[in-house]
Amino acid sequence: MHTTTLQVADYNLFVGDNIWAEFQDFLTLKNYKQFFFLVDENTKKSCLTRFFNKFPAENAHVIEIQSGEIAKNIDTCQHIWSELMHHSADRRTSVLINLGGGVIGDMGGFCAATFKRGIPFIQMPTTLLSQVDSSIGGKLGIDFGHVKNSVGVFANPQAVFILPAFLETLSEREIRSGFAEIVKHALIADNTSWKQLQKIENLSDVNWQEYLVPSLKIKKSIVEIDPFERGLRKALNFGHTIGHALESMALRTPQPLTHGEAIAIGMVCEAFLSNKNHHLSSGELSEIVVFFKKFYPKYNVQAFDFQDIMHLIYNDKKNETASEINFSFLPTIGNVSINQTASLEAIQESLNFYTKVCS
Ligand SMILES: NC(=O)c1ccc[n+]([C@@H]2O[C@H](COP(=O)([O-])OP(=O)(O)OC[C@H]3O[C@@H](n4cnc5c(N)ncnc54)[C@H](O)[C@@H]3O)[C@@H](O)[C@H]2O)c1
């Protein structure tokens, strides 16, 4: 398939499996002299090997970290900064290439943006979630004190190179996780894409490039208008107010949810609230329920203490005041209303609704 180039703010996104020429031209144009690849054990094995013969090996350094959310912390940052320091990375001639999922992209970007007050970095996302969501929009950071993404900055990469071929080695569960963000983009902004998504029968047969580009265009259009999440960008939080709390709760159990699995449940609950308070029709609500039941396993949310869920929801950084919970709801599929709220009783009802319709 051909390459698609999208400009976001002051950087370009290149999407396609034949973007090596663009990648090499870009590095030459920027005149970088030192290349740092940030990888974990999985992307080292599955993705870094694709660079062999395509990249000048001299002055290339590989920084390897442990995979997973568990490593997204200040200790790992210290390791990354030490490596950059050890090889005298600088602002003018060095570049950090973040080759991995959202953890590598968020943390590598954060380390680059803060090292010597900011060295250049490139995002090369390798999971569906990072290709469609986390690698654009400039949000970078790490977890701190058990709170996800609580320390970070906004900073843009030099460019983003998205190769759908990287997804060939990704597990079905991680594909499903990223798919939830594609679905979210359609639900909040594009009824036509929603109709397309409903035609998918099996996630293993999908040509992802076809779905990545329209989805990226939606995220691009939102983050360009509101880069610092002061207004419209909150639209991207649909499903995340309840979803994030469930993700955190599940992390404490032997059955953790992936980010996408958690926000899929969140989207069912928040679609219910949209129907209850904000005119999403019952027909569209049931389309949403049928869709998520097709792709996502059921999860026992009733095992969680409701007070604990509410504690997490109240402490979410999406809320502007401590007493009011901030939601983004769907008035119809393809449209979104930001700065909405719901009562405790309605949130409890939405979890009961999920249990009833998805179990
Ligand atoms: N910055 C943002 O706007 C934003 C948005 C959404 C999520 N996030 C963050 O993204 C993170 C989640 O990202 P994720 O879902 O990509 O998880 P991840 O980065 O943990 O990757 C998931 C797993 O897939 C492996 N992997 C990556 N690419 C692979 C490949 N091509 N083949 C085989 N295995 C591969 C990784 O090693 C890891 O084990 C969270 O920390 C979340 O906070 C950030």
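Residues numbered from 1 in each chain as written. Predicted model: local features only at pLDDT ≥ 70, side-chain atom pairs only at ≥ 80, totals over all residues. Heavy atoms only, no water.

1. Observations concerning the pairing of strand β8 (residues 147-154)
Reasoning step 1: Here five bridges tie strand β7 (residues 139-144) to β8, and the two strands are oriented antiparallel to one another. When the sheet's bridge partners are listed, lysine 139 is paired in β8 with phenylalanine 154.
Reasoning step 2: Counted between consecutive antiparallel strands, the loop separating β7 from β8 contains two residues, among which glycine 145 sits at a positive phi close to 55 degrees. (Pairing = 2+ DSSP bridges. Helix = DSSP H or I, 4+ residues; strand = E, 2+ residues; numbered from the N terminus.)

2. Things to note about the pattern of salt bridges
Reasoning step 1: Applying the stated criterion across every chain yields a total of 14 salt bridges.
Reasoning step 2: Across the salt bridge formed by lysine 72 and aspartate 106, the nearest N and O atoms sit 2.9 Å from each other. Highlighted residues: lysine 72 in the loop between β4 (60-65) and α3 (74-86) and aspartate 106 in helix α4 (residues 102-114), separated in sequence by 34 residues.
Reasoning step 3: Look at aspartate 106 and you get buried, because its relative accessible area is 12%.
Reasoning step 4: Where lysine 184 meets glutamate 181, a salt bridge forms, and the shortest distance between an N and an O atom there is 2.8 Å. One end of the pair, lysine 184, and the other, glutamate 181, are both in helix α6 (residues 172-189), three residues apart, so they sit about a helical turn from each other.
Reasoning step 5: A single network of salt bridges, built from pairs that share partners, joins Glu172, Arg173, Arg176 and Glu261. (Salt bridge = Lys/Arg side-chain N within 4 Å of Asp/Glu carboxyl O. Buried < 20%, exposed > 50% of the residue type's maximum accessible area, 1.4 Å probe, protein only.)

3. Things to note about the sheet that holds strand β1 (residues 4-8)
Reasoning step 1: Read from one edge to the other, the open sheet built from seven strands follows the order β1-β2-β9-β6-β5-β3-β4, with strand pairing classed as mixed. Strands with a single pairing partner mark the edges of an open sheet, and in this sheet they are β1 and β4. For this sheet, the mean inter-axis angle between neighbouring strands, taken without regard to orientation, is 20 degrees.
Reasoning step 2: The pairing of strand β3 (residues 34-40) with strand β5 (residues 94-100) spans five bridges and is classified as parallel. The partner of leucine 38 across the bridge, within β5, is asparagine 98.
Reasoning step 3: Together, β3 and β4 form the strand contacts of α3, whose direction differs from that of β4 by roughly 165 degrees.
Reasoning step 4: Where α4 meets the sheet, its contacts fall on β3, β4, β5 and β6 (121-125), and the angle it forms with β5 comes to roughly 165 degrees. (Axes fitted to C-alpha atoms, helices over the stretch in contact; angles between N-to-C directions. Contact = heavy atoms within 4.5 Å.)

4. Focus: unusual backbone geometry
Reasoning step 1: Phi angles above zero are rare outside glycine, and arginine 117 is one such case at about 65 degrees.
Reasoning step 2: Following the sequence through the fold, arginine 117 ends up in the loop between α4 and β6.

5. Some thoughts on the packing of aromatic side chains
Reasoning step 1: In the structure shown here, the tally under the stated rule is 20 aromatic pairs.
Reasoning step 2: Ring geometry for phenylalanine 23 and phenylalanine 51: centres 5.9 Å apart, planes at 75 degrees, overall edge-to-face. With phenylalanine 23 in helix α1 (residues 20-30) and phenylalanine 51 in the loop between α2 (41-46) and β4, this pair connects stretches of sequence that are 28 residues apart. The same class applies to phenylalanine 23 as to phenylalanine 51, namely buried.
Reasoning step 3: One aromatic cluster in this structure is built from Phe179, Trp194, Trp208, Tyr211, Phe291, Phe292, Phe295 and Tyr296. (Phe/Tyr/Trp six-rings, centres within 6.5 Å; stacked < 30°, edge-to-face > 60°.)

6. Some details on the side chain of asparagine 326
Reasoning step 1: Along the chain, the position of asparagine 326 falls in the loop between α12 (306-314) and β10 (327-329).
Reasoning step 2: Within polar-contact distance, the side chain of asparagine 326 engages the side chain of asparagine 339 at 3.0 Å. (Polar contact = N/O pair within 3.5 Å; in protein donor to acceptor, adjacent residues only side chain to side chain.)

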